Amino acid sequence: MKIVENEVLPTKQECDSSLRNILDALYVLNGKWKIPLILCLVQSPKRFNEIQNALAGISPKVLANELKDLELNDFIKRNVYPTTPVTIIYEATDYSSTLKSVITELSIWGEQHREKVKASMRK
């Protein structure tokens, strides 16, 4: 652990505020599928079955629930077209792009963690 001298520690109020913000973010993005779903739809708009095929392992029930949650939080938009049968296409909203830096940092950290675990297994 690296000790930095003369570093000002955050106050209890700052820590509490930061914790509250993190809990809010995790509440919205919780679960295994939300971020992969957003990434899938940022690439291009897709129909339900296309999303399910892109995300191997997600059940239709879980996918439907996750899509509803993401739509409720304005990360995706559900477009209904009056064709026969009805066509429904899901797409990422502009608000989804606000997660770009978060997703990038998670990706970098995930790669570093994977390498750390691999290195510790070699010992």
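Residues numbered from 1 in each chain as written. Predicted model: local features only at pLDDT ≥ 70, side-chain atom pairs only at ≥ 80, totals over all residues. Heavy atoms only, no water.

A. Main features of the environment of K68. You can see K68 is positioned in helix α4 (residues 60-72). For K68, a relative accessible area of 55% translates into the label exposed. (Helix = DSSP H or I, 4+ residues; strand = E, 2+ residues; numbered from the N terminus. Buried < 20%, exposed > 50% of the residue type's maximum accessible area, 1.4 Å probe, protein only.)

B. View of the nonpolar core. If you look at the biggest cluster of nonpolar residues, it comprises 18 residues, and the most contacted ones within it are L37, I51 and L67. Elements with a minimum of two residues in this core: α2 (34-43) and α4. The dominant element in this core, judged by the number of residues it contributes, is α2, at five residues. When neighbours within four sequence positions are excluded, L67 is seen to be in contact with L37, L41, F48, I51, I76 and Y90. (Core = buried A, V, L, I, M, F, W, Y, C linked by side-chain atoms within 4.5 Å. Contact = heavy atoms within 4.5 Å.)

C. Expanded view of helix α1 (residues 12-29). The end-to-end C-alpha separation of α1 is 26 Å, in line with the 26 Å expected for 18 residues at 1.5 Å each. Looking one or two residues past α1, G31 carries a phi angle of roughly 95°, positive in sign. (Expected span 1.5 Å × (residues − 1).)

D. Geometry of unusual backbone geometry. Looking along the chain, the bond that leaves T84 and enters P85 is cis, with omega of -10°. Considering the arrangement of structural elements, one finds P85 in the loop between β1 (76-81) and β2 (87-92). One non-glycine residue, D74, lies in positive phi territory at about 65°. Residue placement: D74 occurs in the loop between α4 and β1.

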